[in-house]
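Report on the structure
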Amino acid sequence: MSYPEPRYLGENGEINAVFRSTGTPPDIVSPGGTRTHYLAGHASTGGEFGLYKVDMGPKAPGAKTHFHRSISESFYVLSGEIRLFDGERWMTGRQGDFLYVPVGGLHAFRNDSDDPVSMLMLFSPGAPREEYFERVAEFAQRGGEELREFQVRHDSYFVHGPGTDGIRET
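A short tour of the structure in this document, coming up. (Residues numbered from 1 in each chain as written. Predicted model: local features only at pLDDT ≥ 70, side-chain atom pairs only at ≥ 80, totals over all residues. Heavy atoms only, no water.)

Counting residues in hydrophobic clusters, the biggest one holds 26 residues, and the most contacted among them are Met56, Phe75, Ile82, Phe109 and Met119. Listing elements by their share of this core, those giving two or more residues are strand S3 (50–56), strand S5 (72–79), strand S6 (82–85), strand S8 (98–101), strand S10 (117–124), helix H2 (130–142) and helix H3 (144–153). The element contributing the most residues to this core is S10, with four residues. (Core = buried A, V, L, I, M, F, W, Y, C linked by side-chain atoms within 4.5 Å. Buried < 20%, exposed > 50% of the residue type's maximum accessible area, 1.4 Å probe, protein only. Helix = DSSP H or I, 4+ residues; strand = E, 2+ residues; numbered from the N terminus.)

Structure below.
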């Protein structure tokens, strides 16, 4: 195993770090009260990765079973309990639990509990997910072909049919 080829070729380093205070308000408040914080979005990382903090209210629906063709997605539970689907079974993620979903991996999530949940979502490489988060509710209301085209443009391929929202519960 080796490191990637150097991309910075300077001798003394640069002052280019980005700090985001814990008091920064969410970038989006979605219908149902889900709050999304753009900790390190596509633009700020040059597309290397995207890191988002998502705070979901009680009984928040999350995302149905889907996969991505060009990005992996990871979930790290900060607080509360969230239901996570790994393509085969639903499991309860609790504080400190982590789920990595490689490119092409089926996955879903939802908050079935009566309490809020907070988690980090990491996309790699860093696709421009911000527009997806900002406009998915609008396109979901439109439905049909417009919704499907929006989802495909944002590398989200939803799977419909028997068994796609969970085969086994644990």
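Additional details are given in the paragraphs that follow.
Summed over all chains, the structure comprises 11 aromatic pairs. Relative to Phe150, the ring of Phe139 lies with its centre 4.3 Å away and its plane at 5°, an arrangement referred to as stacked. Of this pair, Phe139 sits in helix H2 while Phe150 sits in helix H3, and the two are 11 residues apart along the sequence. What makes Phe139 buried here is its relative accessible area of 7%. The exposure class of Phe150 is buried, given its relative accessible area of 0%. Taken together, Tyr38, Tyr52, Phe123, Tyr132, Phe133, Phe139 and Phe150 form an aromatic cluster joined through their ring pairs. Stacked on the ring of Trp90, the Lys or Arg Arg110 has its end atom at 3.9 Å from the ring centre. Here the basic side chain of Arg129 rests over the ring of Tyr132, its NZ or CZ set 4.5 Å away from the ring centre. (Phe/Tyr/Trp six-rings, centres within 6.5 Å; stacked < 30°, edge-to-face > 60°. Lys NZ or Arg CZ within 6 Å of the ring centre and 35° of its normal.)

Moving on: the side chain of Thr34. Relative to the helices and strands, Thr34 resides in the loop between strand S1 (28–29) and strand S2 (35–40). Overall, the relative accessible area of 15% leaves Thr34 in the buried class. Not counting residues up to four positions away in its chain, the partners in contact with Thr34 are Ile28, Val29, Val54, Asp55, Met56, Gly57 and Ala60. (Contact = heavy atoms within 4.5 Å.)

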